[in-house]
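Here are the chains, one letter per residue:
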Amino acid sequence: MRIKQNILYYLKKDNYVSGKFLAEKLGISRVAVWKQIQKLKNLHYEIISHKNLGYCIISQPDLLLPDEIHKGLNTKYIGHKIYYYQELESSNLTAKEKARSKRDVVPEGTVIITEKQKGGRGRLGRKWFSPIGGIWLSVILYPSLSPEYIPCITLMTSVAIVRAIKELTGIQGLIKWPNDVMIHDKKVCGILTEMSAEMDLINWLVVGIGINVNIDRCEFAKEIKDISISLKEMTKKRVSRIQLVQIFLREFEKYYNMLIQKESTIILNEWKNYSHTIGKRIDVKVGDRLISGQAIDINDRGALMIKKDDGEILEIISGTLLKYNKEPNI
Ligand code: BT5
């Protein structure tokens, strides 16, 4: 992997680079250089060769290749190990298999990323539409936290996403409790947090993130056309998925570190700043129960606090917002 990265480094630095130069710089044979160039071409790097001048890179693929993400990632551990796939059933499924069976070789912060999911999943077995052009990734974590912190993991992830989108595109997304990032009242991102835990300790945690990036309106499935949006649609141009992943992973690491050090106040305050939910009159489905009232706050465990019409205040850890009045009920 290092050799491929080094070859790319020299190719991107100059117009033409000779095979001899690369072989000398990297301490390998010219045949080995040629083999690496073929591998890069297989990864859709467009590289031409000239008999006297050497190799020249014409274009690089718009793929979420680990080498590209690693360049300038600047995190301490999140995303240092990335498993990349052209297509998966679901990145959360793959991440869970790895977390379950290979903990010794899959360090904390390992990322599973794929260009496309055949069976992307939302909460409660719902479908998550994941065509080419989006970011579909899962992060594996082993936090020393009790399971009651799980809602906070979803909250901090949504804060990291909102901040990454803002930094890259200037667009201010808002967070709809518990796991949606919205732009103009439409869903641009969903988060699926799954875990294995004992009574008071999390064994592993997988945070799955789906962001609609370079997806055109006409590509959205009929059933979600009216409720979803992509960043390309908003900015009217293609958005760099690599940069968005890099910024997101950096923000994610920052907030995750705060959480494991039990400094959740900053996260909760940020979440409230970006909240699309607090202050609104809502109907929430919790299992078979329907709860109506006003969303008044989230508590330090990330539970939504609802004031019912009879004045009773409930804390809801997880549920689905059904009716959602945009105007605050004052
Ligand atoms: C979520 O569930 O929002 C969690 C989505 C998590 C997706 C990521 S992608 C990487 C990782 N691997 C996976 O398999 N999953 C994770 P929920 O709150 O249940 O919302 C699901 C609902 O969102 C669906 O019922 C649709 O109405 C809507 N939906 C589906 N695909 C969408 C999309 N691409 N954009 C916007 N809305 C969508």
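Residues numbered from 1 in each chain as written. Predicted model: local features only at pLDDT ≥ 70, side-chain atom pairs only at ≥ 80, totals over all residues. Heavy atoms only, no water.

### Brief notes about unusual backbone geometry
Here comes step 1: Of note, the bond from W177 into P178 is cis; its omega dihedral lies within 30 degrees of zero at 0 degrees.
Here comes step 2: Here P178 shows up in the loop between strand 6 (174-176) and strand 7 (180-183).
Here comes step 3: The phi angle at H184 is positive, at roughly 50 degrees, despite the residue not being glycine.
Here comes step 4: Tracing the sequence through the fold places H184 in the loop between strand 7 and strand 8 (186-198). (Helix = DSSP H or I, 4+ residues; strand = E, 2+ residues; numbered from the N terminus.)

### Focus on the side chain of N212
Here comes step 1: Within the fold, N212 resides in the loop between strand 9 (201-211) and helix 7 (231-235).
Here comes step 2: A polar contact is formed between the side chain of N212 and the backbone oxygen of K187, at a distance of 3.5 Å.
Here comes step 3: Separated by 3.2 Å, the side chain of N212 and the backbone oxygen of I229 make a polar contact.
Here comes step 4: Beyond its immediate chain neighbours, meaning those up to four positions away, N212 contacts W136, K187, V188, F220, S228, I229, S230 and L231. (Polar contact = N/O pair within 3.5 Å; in protein donor to acceptor, adjacent residues only side chain to side chain. Contact = heavy atoms within 4.5 Å.)

### Considerations on the pattern of salt bridges
Here comes step 1: Taken as a whole and assessed by the stated rule, the structure comprises 21 salt bridges.
Here comes step 2: A salt bridge links D216 to K232; its shortest N-O distance comes to 3.0 Å. Of this pair, D216 sits in the loop between strand 9 and helix 7 while K232 is found in helix 7, placing the two residues 16 residues apart along the sequence.
Here comes step 3: Judged by relative accessible area, which is 30%, D216 ranks as partly exposed.
Here comes step 4: Between D300 and R301 there is a salt bridge, and its shortest N-O distance comes to 3.8 Å. (Salt bridge = Lys/Arg side-chain N within 4 Å of Asp/Glu carboxyl O. Buried < 20%, exposed > 50% of the residue type's maximum accessible area, 1.4 Å probe, protein only.)

### A look at the domain arrangement of the chain
Here comes step 1: Looking at the chain, the domain boundaries give domain 1 (2-59), domain 2 (66-273) and domain 3 (281-324).
Here comes step 2: Taken over both partners, the interface formed by domain 2 and domain 3 buries close to 1,300 Å², and the fraction arising from carbon and sulfur atoms is 61%.
Here comes step 3: It is P151, K176 and W177 in domain 2 that bury the most area against domain 3; as a group they hold 46% of the surface buried on that side.
Here comes step 4: Of all the secondary structure elements, the ones that give two or more residues to the side of domain 2 that touches domain 3 are helix 6 (150-169) and helix 9 (264-273).
Here comes step 5: By residue number, the principal contributor to the side of domain 2 that touches domain 3 is helix 9, which donates four residues.
Here comes step 6: Considering only residue class, the side of domain 2 that touches domain 3 consists of nine nonpolar, one polar and five charged. (Domains from an automatic or database assignment. Buried area = accessible area lost by both parts, 1.4 Å probe. Nonpolar A, V, L, I, M, F, W, Y, C, P; charged D, E, K, R; others polar.)

### Observations concerning the packing of aromatic side chains
Here comes step 1: The full count for this structure, using the stated rule, is five aromatic pairs.
Here comes step 2: Between F252 and Y256, the ring centres sit 6.2 Å apart and the planes meet at 15 degrees, which makes this aromatic pair stacked. Of this pair, F252 and Y256 both sit in helix 8 (residues 241-260), four residues apart, which is roughly one turn of the helix. No difference in accessibility class separates F252 from Y256, as the two residues are buried.
Here comes step 3: One Lys or Arg, K98, reaches over the ring of Y83 and ends 4.1 Å from the middle of that ring. (Phe/Tyr/Trp six-rings, centres within 6.5 Å; stacked < 30°, edge-to-face > 60°. Lys NZ or Arg CZ within 6 Å of the ring centre and 35° of its normal.)

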